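Fold and contact review
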Amino acid sequence: MDRIAWHCHECFHGMQESETAGGIVVVIDVLRASTTIVTALANGAIGVRPELSPDAARKAAKAASSGGECLLGGERGGLRIDGFDLGNAPRDYHRQAVAGRRIVTTTTNGTAAVAACPQAEAILVGALVNRRAVAARALELALAGGGPPRPIHLVCAGTDGMVTEEDVLAAGAILDAAGATRVDDPAAAALERFRRTVRGATDASVPLAAALADSRGGKNLLAIGMAADIGDAAAIDTIPVVPRLDRGTGWFRLDP
Ligand code: MLT
């Protein structure tokens, strides 16, 4: 494992496309885009397609609707977009709502973070809920192909160009699950932050929920009455699935 280099990009803004070229990317937006995409696919959605704007999402949903109607999901200012079927709360993406459906989503930061890595070898979605599964899959992909191991990039969405504690904590949680040792300075700091946060806890989701509530993204959610999403996002290792972007079609699907 120490052959694999881990990088943590604390906020994708300002990151050059070339930085993640050829690497394995894990996009992280714990509150809430990445938690929601993981939840939707775990609950039977066929695919989730990220788009940068509400208009682009509407167009993509229309274009994709020939094979059965698509759901539109996402947020602006944390709230459901006018005319959309779903907001961005993970619990809205329950089995009854999403099983067998395709979903086009647009969110303020999360979907933009995906678009910031166009030259990556693979793009996975990581959150606290699937951190063990995504760590294992990222390691497999980094070692696949028989050549030198590919680097793994943890790309945090942040909030409006600013680093957010919740994404850095999830990056640390993934590094912890992977047993990562060859880490850059931001990754080392994220790992330390995660370990300090959960130290001594019998149920790590308890201190994680408290840290998330105190984060920039958490405070934004509390201000709009969406406290339940914080607990859902803090439920570490509860969803063992990994979304991967199909580069040919632009849809996230379960991997493998
Ligand atoms: C984002 O992409 O910025 C978020 O997921 C925000 C949110 O869910 O409110």
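Two elements in contact, helix H6 (residues 165-178) and helix H8 (residues 205-213), have axes separated by 9 Å at closest approach and are oriented at 150°. One element, H6, and the other, H8, form an angle in the roughly antiparallel class. Viewed along their axes, H6 and H8 form a crossing whose handedness is right-handed. The residues of H8 that touch H6, namely those facing Glu165, Glu166 and Leu169, are Leu208, Ala211 and Leu212. Of the residues that constitute the contact of H6 with H8, the class distribution is four nonpolar, no polar and two charged.

Moving on, we come to the pairing of strand E2 (residues 24-28). For E2, a buried count of five out of five residues is recorded, marking the element as mostly surrounded by other parts of the structure. Neither face of E2 is left uncovered, since the one carrying Ile24, Val26 and Ile28 and the one carrying Val25 and Val27 both have all their residues buried. The pairing of E2 with strand E8 (residues 152-156) spans five bridges and is classified as parallel. Directly across from Val27, in E8, lies its bridge partner Val155.

Evaluation of the coordinates by the stated rule reveals zero disulfides. Cys156 provides the cysteine sulfur closest to Cys11, a residue in no disulfide bond, and the two sulfurs are 8.1 Å apart. Looking at Cys156, it has no disulfide partner, and the nearest cysteine sulfur is the one in Cys8, 4.3 Å off.

Moving on, we get to the site of the ligand. All residues adjacent to the ligand are Asp29, Leu31, Arg32, Ala33, Glu75, Gly78, Asn88, Thr107, Thr108, Asn109 and Gly110. Between the ligand and the protein, one listed contact pairs an oxygen atom with a backbone N or O atom of Thr108 at 3.4 Å. Relative to its unbound accessible area of 270 Å², the ligand is 92% covered by the protein chains. Residues belonging to the shell around the ligand are distributed by class as follows: two nonpolar, six polar and three charged.

The subject of this paragraph is the pattern of salt bridges. On inspection of all chains with the given rule, the structure shows 15 salt bridges. A salt bridge links Asp232 to Arg91; the shortest N-O distance between them is 2.8 Å. Note that Asp232 is positioned in helix H10 (residues 228-233) and Arg91 in the loop between strand E5 (79-80) and helix H3 (95-98), a separation of 141 residues in sequence. According to the relative accessible area criterion, Asp232 is partly exposed, its value standing at 24%. Between Asp176 and Arg131 there is a salt bridge, and its shortest N-O distance comes to 3.2 Å. Placement of the pair is Asp176 in helix H6 and Arg131 in helix H5 (residues 131-143), with a sequence separation of 45 residues. In the salt-bridge network here, residues are joined through shared partners; they are Arg131, Arg132, Asp176, Arg195 and Asp237.

Let's shift gears to the side chain of Arg102. Position of Arg102 among the secondary structure elements: in strand E6 (residues 102-106). No salt bridge is formed by the buried Arg102; the nearest opposite charge belongs to Glu69, separated by 9.6 Å. A distance of 2.6 Å separates the side chain of Arg102 from the backbone oxygen of Ala64, its partner in a polar contact.

All right, on to the nonpolar core then. Ranked by internal contacts, the top residues of the largest apolar core, which has 44 residues, are Trp6, Val26, Ile152, Leu154 and Leu212. The greatest single-element share of this core, amounting to eight residues, is contributed by H6. Apart from residues lying up to four places away in sequence, Leu154 is in contact with Trp6, His7, Cys8, His9, Val26, Ile28, Ala171, Ile174 and Leu175. Judged by nonpolar contacts, the second largest core, of 31 residues, contains Leu86, Tyr93, Ile103 and Val129.

Another aspect to go through is the environment of Asp85. With respect to the helices, strands and loops of the structure, Asp85 is situated in the loop between E5 and H3. Separated by 102 residues in the primary sequence, Asp85 and Ala187 have C-alpha atoms spaced 37 Å apart. Once residues within four sequence positions are removed from consideration, Asp85 is found in contact with Cys70, Leu71, Leu72 and Arg80.

When the terminal C-alpha atoms of H6 are compared, their 20 Å separation across 14 residues agrees well with the 20 Å that a helix rising 1.5 Å per residue should span. Most of H6 is tucked away, with eleven of its 14 residues classed as buried. Inspection of H6 places Glu166, Asp167, Val168, Leu169, Ala170, Ala171, Gly172, Ala173, Ile174, Leu175 and Ala178 among the buried residues, and these make up the whole buried set. Within two residues after H6, Gly179 carries a phi angle of roughly 65°, on the positive side.

Thresholds, definitions, all that
- Residues numbered from 1 in each chain as written.
- Predicted model: local features only at pLDDT ≥ 70, side-chain atom pairs only at ≥ 80, totals over all residues.
- Heavy atoms only, no water.
- Axes fitted to C-alpha atoms, helices over the stretch in contact; angles between N-to-C directions.
- Helix = DSSP H or I, 4+ residues; strand = E, 2+ residues; numbered from the N terminus.
- Parallel < 35°, antiparallel > 145°, perpendicular 65-115°, else oblique.
- Left-handed = near helix turned anticlockwise from the far one by under 90°.
- Contact = heavy atoms within 4.5 Å.
- Nonpolar A, V, L, I, M, F, W, Y, C, P; charged D, E, K, R; others polar.
- Buried < 20%, exposed > 50% of the residue type's maximum accessible area, 1.4 Å probe, protein only.
- Pairing = 2+ DSSP bridges.
- Disulfide = S-S within 2.5 Å.
- Near = heavy atom within 4 Å.
- Polar contact = N/O pair within 3.5 Å; in protein donor to acceptor, adjacent residues only side chain to side chain.
- Areas by Shrake-Rupley, 256 points an atom, 1.4 Å probe, with all protein chains shown as cover.
- Salt bridge = Lys/Arg side-chain N within 4 Å of Asp/Glu carboxyl O.
- Lys, Arg positive; Asp, Glu negative; His and termini not counted.
- Core = buried A, V, L, I, M, F, W, Y, C linked by side-chain atoms within 4.5 Å.
- Expected span 1.5 Å × (residues − 1).

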